[in-house]
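Topology and contacts: notes
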Amino acid sequence: MTALRIVYASMLELRTDEAYYWTWSKEAALSFLDHPPGIAWLIRFGTTIFGDTPLGVRFGGIVAMLVTQCLLADIVRRVTRDARAIVFALLMPEAALYYGLLMSKVAPDVAMIPVAVAMFWSLVRLTESGDGRWWLAAGFFAGLSLLSKFTAIMFLPAVAAFALVPDWRWRWLRSPYPYLAVLIAIAVFSPVLIWNAQHDWASFRFQGVRATANYGISWRTIGDYIGLQFGLVGFVLLPVVLSGLTLTAWRGYRTREPVAILLSTAVLVPFLYFLWKSLTLRVGETWPMFMWPVGFAAAAINLVSLRREGWSERMTRSANFWANTAVTTGIAFVVAVFLYYMVAPWNFLGKIDPIGAEAGYDEVAARAQAQLDKTGATWIATTDYRTYAMLRWLFRGRVPVIEINERGRFQDFADPGIDRIRGHAGLYVGREPDNHLPLWNSLPVTREPLEQVDRHWRGLVMDTYALEKLTGWTPELSPPKDSPLFWWRVLAGDVATRALA
């Protein structure tokens, strides 16, 4: 399965967000508007070894999957001492599409997952040994988790319940170790705090829109959320994990068992939170993915607990049957999806295909290069970060690429080559209808339409792009914050962060 992920990572062209995070890895910024810098560091690790190639960008995700599996296996080993449960802990992630294949598609969650699991592993070691110094390791990994994605904060209720519900609560309330762990976590997270203090707390304001957005109750968004969990975790595996988590939570809170409380709360609280948010908001496909690995460990442990607690033979046989079925059918599904994208020539999902929807940018880059040669333009302008990221990836620094709006995304980015921009003609490459955005009316630029180019995937037009020659204007790299060129678009609509003021 690791070899399968390596092939997938090597052969599939980068997706737009992957290219965007790759651009971060080329910058020296402490943090970024959208997310903390963990994913940029993970990509830099891979590209240092394999260069600016798809495998180089994604190599960190392949390593992250292996580290996650080893940690899950050791958690289960320490709790159960049962070889079969350990094998389930290793194979359940392989049977879930998001982990078995898509951990090789880098995202902030991929950087967060192994260090978050390492935090739980440290707390299991704490339970096993009683040595309070494991709190310090947990604090370190908690800081790394926050340094990868802010949603790591959603594990806080689990850690609090782990410390306060069992009978040992007074021991840890009087101990310095949990408080030192908090200080360590804050110290590790400090690059993000420093960057935000320097930039008007931009990341927290940006994410605040996501957390507070409300578009009215929609059964479609609820269905999207539940359907995504079945698709990315597994049609059989998801019920197996949820049932195991429910029994683990019942067992943990009934007996005040620390590990059961920790693992079950770490998944059920975020799962229910996102279920609640899905009433009014479309939950992104990667948003809940940080929580399920801990659920795999809880489900594997539950299989042993059922037998040891004397549950009926019928119950234990049924639980093992469905766990076996989940693993075998899940891995078969992951392999089938791999073959669909690597070998099959068909497009079964049309424009909603998650891979096809972001494929074919090489066509756009080729036409852009032809127009650069024809018109003498020396730089490229875009009006969305996805096009910016893909063109920057495909041109690899040969031509300066600038997103002229949403400049708040690019605070502390290095000079892209202003000497090759100032006084020279530029080429605008934008997805229709972005070439008709109102912001164009406020810019002193002369635009000359050149052509349109379609982006294809497996014979279907996925998007159309307008190419225009720009003259008489130099874009502002650092516009003032009251400029329409500074504000960023959030979620599916255009929500200006100034509305938060």
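Going by the structure above, here's the rest.
Read on for a plain summary of the structure.

Describing the overall build of the chain
Check the secondary structure of the chain and you find 19 helices and five strands. A compact globule built from 501 residues should have a C-alpha radius of gyration of about 23 Å, and the chain, at 24 Å, falls within 12% of that. C-alpha atoms of the chain, sized along the principal axes, occupy 80 × 50 × 45 Å. Of all 501 residues assigned to the chain, the portion counted as buried reaches 58%. The contacts of the chain with a sequence gap of at least 6 include a subset with a gap of at least 24, amounting to 74%. In the chain, which carries 47 positive and 40 negative side-chain charges, the distance between the mean positions of the two groups comes to 8 Å.

What to know about a nonpolar patch on the surface
Taken together, the side chains of Leu164, Trp170, Leu173 and Tyr179 make up a nonpolar region of the molecular surface, amounting to roughly 420 Å² of accessible area. Residue tyrosine 179 is classed as partly exposed on the basis of its relative accessible area of 45%.

Examining unusual backbone geometry
For residues besides glycine, phi is generally negative; the peptide bonds are generally trans as well. Cis geometry is adopted by the peptide bond preceding proline 433, which originates at glutamate 432 and carries an omega value of 10°. By the element assignment, proline 433 lies in the loop between β3 (426-431) and β4 (446-457). Phi at glutamate 406 is positive, roughly 50°, even though this residue is not glycine. Looking at where glutamate 406 falls in the secondary structure, it is placed in the loop between β2 (401-403) and β3. On the accessibility criterion, glutamate 406 (3% relative accessible area) is buried. Residues other than glycine seldom take positive phi values, yet arginine 458 does so here, at roughly 50°. Counting through the fold element by element, arginine 458 comes out in the loop between β4 and β5 (460-471).

What counts and how
Residues numbered from 1 in each chain as written. Predicted model: local features only at pLDDT ≥ 70, side-chain atom pairs only at ≥ 80, totals over all residues. Heavy atoms only, no water. Helix = DSSP H or I, 4+ residues; strand = E, 2+ residues; numbered from the N terminus. Rg over C-alpha atoms; globule rule 2.2 N^0.38 Å. Buried < 20%, exposed > 50% of the residue type's maximum accessible area, 1.4 Å probe, protein only. Contact = heavy atoms within 4.5 Å. Lys, Arg positive; Asp, Glu negative; His and termini not counted. Charge placed at Lys NZ, Arg CZ, Asp CG, Glu CD. Patch = residues over 30% accessible without salt bridge, like charges linked within 9 Å, V, L, I, M, F, W, Y side chains within 5 Å. Areas by Shrake-Rupley, 256 points an atom, 1.4 Å probe, with all protein chains shown as cover. Salt bridge = Lys/Arg side-chain N within 4 Å of Asp/Glu carboxyl O.

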